[in-house]
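Letter by letter, the chains look like this.
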Amino acid sequence: MLQQIEGSYAVAEAVAMCMPEVVAAYPITPQTHIVEHIGELVKAGKVGSCEYINVDSEFSAMSACIGSSVMGARTYTATASQGLLFMMEAVYNASGLGLPIVMTLGNRSIGAPINIWNDHTDALAARDSGWIQLFVETNQQAVDVHIQAFKLAEAISLPVMVCMDGFVLTHAYERIDMPDKSQVESFLPPFVPKQKLDPDQPVSIGAMVGPEAFTEVRYLAHHKQLEALEIIDDIGEEFAELFGRSSGGLVSCFDCGDADTIVIAAGSVVGTIKSVIKDMRDEGHSIGVVSIRSMRPFPRFKLAKVLQKAKRVIVFEKAFSVGVGGVLALDVQWALHNYSLPLYSVIGGLGGRSITRASLRKLFDKGLRDQLPQTHFLDLDIDAVNRELARERSGDRSGPAAENIVRDLGVVSAAKTS
Amino acid sequence: MTDKVKGFSVYDSEDSPQRLKFYQTGTLTVGNRLLDAKLRTVQATKERANAITSGHRACQGCGEALGARYAVDAAMLACDGKLVATNATGCLEVFTTPYPETAWQLPWIHSLFGNTPAVATGMAAALKAKGQTDIRVLAQGGDGGTADIGFGCLSGMFERNDDVLYICYNNQAYMNTGVQRSSQTPGAARTATTMPVGPEPGNVFGTGKYLPAIAMAHEIPYVATASIHHLHDLEAKVHKAMSMRGARYIEILVTCPLGWGSAPADTIKVARLAVETGLWPLIEAEHGELTGSHQLERPRPVEDYLKLQRRFAHVFKPGNEWELDNLQALADRNIRRYGLK
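These figures come from a predicted structure and were not determined experimentally.

Parameters at a glance
- Residues numbered from 1 in each chain as written.
- Chains lettered and ligands numbered in written order.
- Predicted model: local features only at pLDDT ≥ 70, side-chain atom pairs only at ≥ 80, totals over all residues.
- Heavy atoms only, no water.
- Helix = DSSP H or I, 4+ residues; strand = E, 2+ residues; numbered from the N terminus.
- Buried < 20%, exposed > 50% of the residue type's maximum accessible area, 1.4 Å probe, protein only.
- Contact = heavy atoms within 4.5 Å.
- Areas by Shrake-Rupley, 256 points an atom, 1.4 Å probe, with all protein chains shown as cover.
- Buried area = accessible area lost by both parts, 1.4 Å probe.
- Salt bridge = Lys/Arg side-chain N within 4 Å of Asp/Glu carboxyl O.
- Phe/Tyr/Trp six-rings, centres within 6.5 Å; stacked < 30°, edge-to-face > 60°.
- Lys NZ or Arg CZ within 6 Å of the ring centre and 35° of its normal.
- Core = buried A, V, L, I, M, F, W, Y, C linked by side-chain atoms within 4.5 Å.
- Domains from an automatic or database assignment.
- Pairing = 2+ DSSP bridges.
- Right-handed = clockwise from strand over helix to strand, strands pointing away.
- Polar contact = N/O pair within 3.5 Å; in protein donor to acceptor, adjacent residues only side chain to side chain.
- Disulfide = S-S within 2.5 Å.

1. Remarks on the overall build of chain B
And then number 1: The secondary structure content of chain B amounts to 13 helices and 8 strands.
And then number 2: Out of the 341 residues belonging to chain B, those deemed buried represent 56%.
And then number 3: A fraction of 70% describes how many contacts in chain B between residues 6 or more apart in sequence connect residues 24 or more apart.
And then number 4: Surface summary for chain B: the accessible area is close to 13,400 Å², and the carbon and sulfur share equals 54%.

Here it is, written out as structure tokens:
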């Protein structure tokens, strides 16, 4: 049924249709609307006998999820940013134990400086955690991929993180085709845990493993993620068949069949990129975009196949590894190691900075002419950075760099008078 | 009660390599066998679950192994074997495992060091959602896992009154990592990070936390302290806790010969003296109100307890008398505060 609905609200409705038995969550912007609405649905008795736990921290949230999942209960949580980092020890533990928890990540930057707006630093901080990480471009996909996430997690007994851009998606009202609960029921089988704590069959879970078997246990997790490369596509197709729309899969391509220049990105920015590419196509430029839907497992071979005929690749991402540069860019480069394609790494949209069509157009025009540096920070005011470096070199106590830069840029009106 | 859960049938079999042992034999609790059957400890009965079976790697004279075995078996008996347990990282977790060995005869999970109360919260929530509240949840940790790194999760579990029995085996330092100070290390005690040097040798006074009182401040249904020298009392408290719902907390002082520098053969004696000096009050509280305390007819001087432990050796050196006085004052304050006399 079509509804004009907020992204968070829609995700909450979709998760509730999946009938989790336990939800444990701690509030953090921009995840709050999701868990508020799930809490409301649970309290109203609309999610069966589901228990909603108001935990004392994200670390407790993920830990309670571990306890719940190991009892064989379908388990869900949501977080963002600092919350993900605060729960990180338990995030690794959940995947190490092979517990099929589903978590929404309302993507947000990581401080300091504290910043509540969207980028992908949080998700990429967890990229090595052993969780499956799925990114969505739209709120329709957010709804659909959550339903697929439970099926995927429980099929391979690994946790799944659904990454949706904070504010850009979580707080956006869009027209969404909300699934029917009976459809969800027929798509998602009951949870049959691969392991659980059961007095009738006592087992010890989570004991120490030494060097003699640790490599094999960890490799198994890697193997299961590689298996998921097929399962993600299969589940996506199964969903499309039943629900009549395609919204899953490892990657999605737009105008990239014959494109000389292929842009690669993840999340909602793909929408903006598509609109720029549409204009450029109209003008006769050969350009397309690939949306990375599954960040982990990384669809290396599928991507290589899509990119093999391109002449250049521009990887656009909302995060970077300080001291290296693009993170997704490195993964893409690895996918392309058999091809000698120029690859440009572009970092933008950090801490919620707007990614405008004008900036992207300028960027792609440069890219088409191979005029981009290997690593480029979109709309970076390098002069402001240089002025701060000069202040720090002056030998005086230059003070908090973040404040200096904000004042320098003149965003704070008080700065102008001083 | 099924044999599978209790697992005792093997001990009764004539050709079993391991015969049922009554651990009380040869100790001051030998009278156990002379007691009325109802008053005997779980360990003395055929109903003993043997939840932590023999063959584990605890040190000689480990108080935690003893305390945990009694506590868990008492809990098993109280719920007809329908118990699931979670365990913080620490000695108990380490010496009862690693894979492929496990001493645990009940469903057991180790997740992390600091999240055990929250894992237990999730377990209890799952059972409630599934309508399986006949299965009970036990959480366990040491003093570091409980009072320090797991404290936030513990307070949250208490505050929400989640249906969990949490047992803290307090050996007053991080023994598993090599005897470093925790917030439950007593004043003057030597640890690897509070060496007996300088003007305040050992752990400084005026620090640390008494977790049972903090638990009481949460007004949870039941809080108790116990000691491994008084196993009937320990079992009775576990049994009482299991008869209730909601968040329940039991803290057992467990002698650590390695960390305390006491003779393994003195484990029970040291535990008894901790109680009889007033340094470890045995109390019970319900919903934040003290409901009982173990009375001391003639409190012993703290020296009797301290002199058995090398971690306190320096308090007997000239110039350190003030440390001894401070420790006696702590015992006296406990006796006043908890009405032990």
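So much for the structure itself; the text now carries on.
2. Some points on the interface of chain A and chain B
And then number 1: Facing the 35 residues of chain A at the interface are 39 residues of chain B.
And then number 2: Taking both sides of the interface into account, the surface hidden between chain A and chain B amounts to around 2,900 Å²; carbon and sulfur atoms contribute 63%.
And then number 3: Counting the surface chain A buries against chain B, the share from its top three residues, Met71(A), Pro199(A) and Ser204(A), is 21%.
And then number 4: Taken together, chain A and chain B are joined by 3 salt bridges.

3. Structural notes on the environment of Pro281(B)
Residue and element names in this part refer to chain B.
And then number 1: Among the secondary structure elements, proline 281 is positioned in the loop between helix 11 (267–276) and strand 7 (283–286).
And then number 2: The class for proline 281 is buried, based on a relative accessible area of 1%.
And then number 3: Between the C-alpha atoms of proline 281 and leucine 296, which are 15 residues apart in sequence, the distance is 9.4 Å.
And then number 4: In this structure proline 281 touches Tyr210, Thr225, Asn334, Tyr338 and Leu340, once residues within four positions along its chain are discounted.

4. Observations regarding the packing of aromatic side chains
And then number 1: Counted under the stated rule, the structure contains 13 aromatic pairs over all chains.
And then number 2: A ring pair is formed by Phe187(A) and Phe243(A), whose centres lie 5.8 Å apart and whose planes are at 80°; its orientation type is edge-to-face. Of this pair, Phe187(A) sits in helix 8 (residues 181–187) while Phe243(A) sits in helix 9 (residues 211–243); the two residues are 56 residues apart in sequence, bridging distant segments of the chain. The pair formed by Phe187(A) and Phe243(A) is uniform in burial state, with each residue classed as buried.
And then number 3: Cluster of aromatic residues (ring-pair linked, three or more members): Phe187(A), Phe239(A) and Phe243(A).
And then number 4: In this structure, Lys151(A) packs its charged tip against the face of Phe187(A), placed 4.3 Å from the ring centre.
And then number 5: The ring of Trp260(B) is capped by Arg311(B), whose NZ or CZ atom sits 4.0 Å from the centre of that ring.

5. Here we look at the nonpolar core
And then number 1: Ranked by internal contacts, the top residues of the largest apolar core, which has 166 residues, are Met62(A), Tyr76(A), Ile264(A), Val332(A) and Tyr249(B).
And then number 2: For this core, the two domains that each supply at least three residues are domain 1 (2–243) and domain 2 (251–377) of chain A.
And then number 3: Counting residues in hydrophobic clusters, the runner-up holds 42 residues, among them Leu66(B), Ala71(B), Leu231(B) and Met242(B).

6. Side note on the pairing of strand 3 (residues 51–54) of chain A
All names here are of chain A.
And then number 1: Burial of strand 3 is one-sided: the residues Glu51 and Ile53 facing one way are buried, the residues Tyr52 and Asn54 facing the other way are not.
And then number 2: Pairing analysis gives 4 bridges linking strand 2 (residues 22–25) to strand 3, with the strands arranged parallel. Across the sheet, the residue bridging to alanine 24 is isoleucine 53, located in strand 3.
And then number 3: For the crossover from strand 2 across helix 2 (residues 32–43) to strand 3, the handedness is right-handed.

7. A few points about the environment of Asn170(B)
Residues and elements named next belong to chain B.
And then number 1: Mapped onto the elements, asparagine 170 comes out in strand 4 (residues 165–170).
And then number 2: Taking the relative accessible area as the measure of exposure, asparagine 170 reaches 1% and is therefore buried.
And then number 3: Those residues within four positions of asparagine 170 in sequence are excluded, and the remaining contacts are Asp143, Gln184, Glu251, Ile252, Leu253, Val254 and Trp280.

8. Considering the side chain of Ser359(A)
Residues and elements named next belong to chain A.
And then number 1: With respect to the secondary-structure elements, serine 359 resides in helix 13 (residues 357–368).
And then number 2: For serine 359, a relative accessible area of 13% gives the class buried.
And then number 3: A polar contact of 2.8 Å, which involves the side chain of serine 359, links it to the side chain of aspartate 379.
And then number 4: In contact with serine 359, not counting residues within four places along its chain, are Leu378 and Asp379.

9. Focus on the domain arrangement of chain A
And then number 1: Considered domain by domain, chain A is made up of domain 1 (2–243), domain 2 (251–377) and domain 3 (383–417).
And then number 2: Taking only C-alpha atoms into account, the centre of domain 2 of chain A sits 33 Å from that of domain 3 of chain A.

10. Quick look at the state of the cysteines
All names here are of chain B.
And then number 1: Tallied over the full model, the rule gives 0 disulfides over all chains.
And then number 2: Cysteine 62 carries a free sulfur, and the closest cysteine sulfur to it, the one in cysteine 59, is 6.3 Å from it.
And then number 3: Using a relative accessible area of 18% as the deciding quantity, one classes cysteine 62 as buried.
And then number 4: For the unlinked cysteine cysteine 91, the closest cysteine sulfur is that of cysteine 256, found at 6.3 Å.

11. Considerations on the environment of Met175(B)
Residue and element names in this part refer to chain B.
And then number 1: In this structure, methionine 175 sits in the loop between strand 4 and helix 8 (211–217).
And then number 2: With 31 residues separating them in the primary sequence, methionine 175 and glycine 144 have C-alpha atoms 9.1 Å apart.
And then number 3: With near-sequence residues (within four places) excluded, methionine 175 lies in contact with Cys91, Cys256, Gly259 and Trp260.

12. Focus on unusual backbone geometry
And then number 1: At the junction of Gly111(A) and Ala112(A), the peptide bond is cis and its omega measures out at 10° in the coordinates.
And then number 2: Here Ala112(A) is to be found in the loop between strand 5 (102–107) and helix 6 (121–125).
And then number 3: Positioned with a positive phi, Asp255(A) is a non-glycine residue whose angle comes to about 60°.
And then number 4: Relative to the elements of secondary structure, Asp255(A) occurs in the loop between strand 10 (251–254) and strand 11 (261–265).
And then number 5: Given the relative accessible area of 33%, Asp255(A) is considered partly exposed.
And then number 6: Although it is not a glycine, Ala188(B) adopts a positive phi angle of roughly 75°.
And then number 7: When you line up the elements, Ala188(B) lands in the loop between strand 4 and helix 8.

13. A closer look at the pairing of strand 5 of chain A
Residue and element names in this part refer to chain A.
And then number 1: Strand 5 sits mainly inside the fold: 6 of its 6 residues count as buried.
And then number 2: With burial as the criterion, each face of strand 5 is covered, one bearing Val102, Thr104 and Gly106 and the other bearing Met103, Leu105 and Asn107.
And then number 3: Relative to strand 5, strand 4 (residues 75–79) is paired through 4 bridges, and the arrangement is parallel. Bridge assignment links alanine 78 to a residue of strand 5, and that residue is threonine 104.
And then number 4: Taken together, the 6 bridges between strand 5 and strand 7 (residues 160–165) define a ladder with parallel strand orientation. Residue valine 102 lies in a different strand from strand 7, and its bridge partner there is valine 160.

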